[in-house]
Amino acid sequence: MAEHEVEKREIAEYEEPDHQDFDPNDPNSLHRQLKNRHIAMISIGGLICTGLFLNTATSLHNGGPAGLLLGYITMGTIVYAVMNTLGEMVAYLPIPGGHIKLAERFVSPAFSFAMGWNYWYNWTIVLPAELSASAVLVNYWIGPERVNNAAWITIFLVVVVGINFFGARAYGEAEFWFASIKILTIVGLIILGIIIDAGGVPTNPTVIGVSYWQDPGPWVQYKGIPGALGRFLGYFSVLLSAAFAFIGTEIVAIAAGETSNPRRNIPKAINKVYIRIIIFYILGTFIIGLIVPSNDPALTTHSGNAASSPFVIAINNANIKALPSIVNACLLSSAWSAASSDLYTSSRALYGLSIAGNAPKIFSRVNKRGLPYVSLFFCSSFAFLSFMGISESSNTVFGWFANMTSICGLITWLFIAITYLRFHAGMKAQGIDRSTLPFRSPLQPFLSYYVIVTLSIILFFGGWQVFLHDNWNTADFITTYLPIPFALILFVGCWLVRRSRFVSASEMDFHTGIAEIEEEAANEEKPTTLMGKFFDAL
């Protein structure tokens, strides 16, 4: 009897008093409004961000064409591993809150608490940063001396908030068109880059070929550091920049709770991630290394608009007049897309925290259309921080907060890999055959170990530049390393306050909500129209 009482007391300590299980048929829960074509384009749009268009300039300058290409290939393998790791869990349990709720089920409530608030901070603070970046893109045509950037920020803010308050379907529809523009832009720029390299532009018929790989060469000696060390540091600086460019690919997991037939649509989106990485990033960075020399002065302008893009630099060098403005317009739509996704993700993350008992219950309230309006109102309020970017002094402070979001994104990926290892252990302990899952990621659990090892190295050495001679920067050091102990403080603090414990493999819940999800999957009709079949394949 005494042993039974101790066991009951231990279980009581583990259970979270505010825990709320997901019921897809509950009218007070999120509604599955995102269709196959929405998820297809959200997964693609999340992979293509403005970093591919703009951040590659600094990467090419620091690492040379070889360092740029290898950096993005390396990070591409990490992203592939993260998405496959996440995809297996989310395809099996496509619940609101995504990986935040999965961490609660398979690791511990304290781990879910730390991951959730870290993830929420990431997307809440990057929202005003994207709005500020949108205003800078407009400055390519209209300078702030003519129209104050506050006007542009206000317009963009209203559009982004409006899209999200119309619900998940409106967000999915907007992202569908935004992602379409992104795809057309990057594919068009890659084709144009090939034409420029082959000397097919009438205004500048010079054949470039691989001449920039010969002079100034494939590598850059970072900060003038000689030998292999300088070349490696150039490559490593590219690796960090590439990591930040890829953050956001996991948004499809947060959207799983509002996706129709996620057991079919999520795996299809995950399965093609490697193709998109190869086409958009690997091929894109290879073309950039062919058409722009790493010592081109335009690479270091840091204008924040199209003038900073290596593609636009190549276009200007080829004397093509109209295209830079068109590219800038496409970048503006990309920034809008990013801001809309930021608000969607942060509000759903807060909703996930609430239903997990890690945020006030008021944030789990939804209206009759399945919109978590309280979370959305709260997260939207942080968009007003974008006005800090107008003042030079406040912009510096805001920049510190924004810079930390990238590190928070990498920490989330690390937490996802740890969650999968527990998920994998639970499957094994409970005798569940992974071949029966709707999506089984390859090479597991080694892919998860690969993510943990590589991201731990990147996070630990992320601020290495400040330790170079005469290169110390206190702000850079703090913004690079503060998120790491902060995530640990969140975890340990919740662990101590709630007397939480790790979920053992034999106790993991693999069944709650599964029956409803399987029933929905069985009733889903396959597309019959030509357009429907196209997006099903996409």
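Refer to the structure above for everything that follows.
Anyway, here's the lowdown on the structure attached to this text. (Residues numbered from 1 in each chain as written. Predicted model: local features only at pLDDT ≥ 70, side-chain atom pairs only at ≥ 80, totals over all residues. Heavy atoms only, no water.)

Topic: the nonpolar core
Counting 161 residues, the largest nonpolar core has M75, I196, W413 and F423 as its most contacted members. Aside from chain neighbours lying at most four places away, what touches M75 is L239, A242, A243, F246, W413 and I458. (Core = buried A, V, L, I, M, F, W, Y, C linked by side-chain atoms within 4.5 Å. Buried < 20%, exposed > 50% of the residue type's maximum accessible area, 1.4 Å probe, protein only. Contact = heavy atoms within 4.5 Å.)

Things to note about a nonpolar patch on the surface
On the surface, Y274, I275, I278 and I279 cluster together into a nonpolar patch covering about 350 Å² of accessible area. Examined against the element boundaries, Y274 turns out to sit in helix α13 (residues 273–291). On the basis of relative accessibility, which here comes to 41%, the residue Y274 falls in the partly exposed class. (Patch = residues over 30% accessible without salt bridge, like charges linked within 9 Å, V, L, I, M, F, W, Y side chains within 5 Å. Areas by Shrake-Rupley, 256 points an atom, 1.4 Å probe, with all protein chains shown as cover. Salt bridge = Lys/Arg side-chain N within 4 Å of Asp/Glu carboxyl O. Helix = DSSP H or I, 4+ residues; strand = E, 2+ residues; numbered from the N terminus.)

Focus: helix α20 (residues 483–498)
Given a rise of 1.5 Å per residue, 16 residues ought to cover 22 Å, and the 22 Å separating the end C-alpha atoms of α20 matches this to within 8%. Of all the positions in α20, only P483, A487, L490, F491 and C494 are classed as buried. All buried residues of α20 fall inside an arc of 90° around its axis, so they share one side. Across from the buried face of α20, at angles greater than 90 degrees, the exposed residues are L488, I489, L496 and V497. Looking at the residues trailing α20, positive phi occurs at R499, about 50°. (Expected span 1.5 Å × (residues − 1). Arc of directions from axis to C-beta.)

Regarding the packing of helix α15 (residues 323–355) against helix α16 (residues 373–381)
It is at 8 Å that the axes of α15 and α16 come closest, and there the two elements cross at 125°. Here α15 lies oblique to α16, going by the angle between them. The chirality of how α15 crosses α16 is right-handed. In contact with L343, S346, S347, R348, L350 and Y351 of α15, α16 contributes S375, L376, F378, C379 and S380. For the contact of α15 with α16, the per-class residue count stands at six nonpolar, four polar and one charged. (Axes fitted to C-alpha atoms, helices over the stretch in contact; angles between N-to-C directions. Parallel < 35°, antiparallel > 145°, perpendicular 65-115°, else oblique. Left-handed = near helix turned anticlockwise from the far one by under 90°. Nonpolar A, V, L, I, M, F, W, Y, C, P; charged D, E, K, R; others polar.)

Everything listed here is a matter of coordinates, which is why it stays silent on function.
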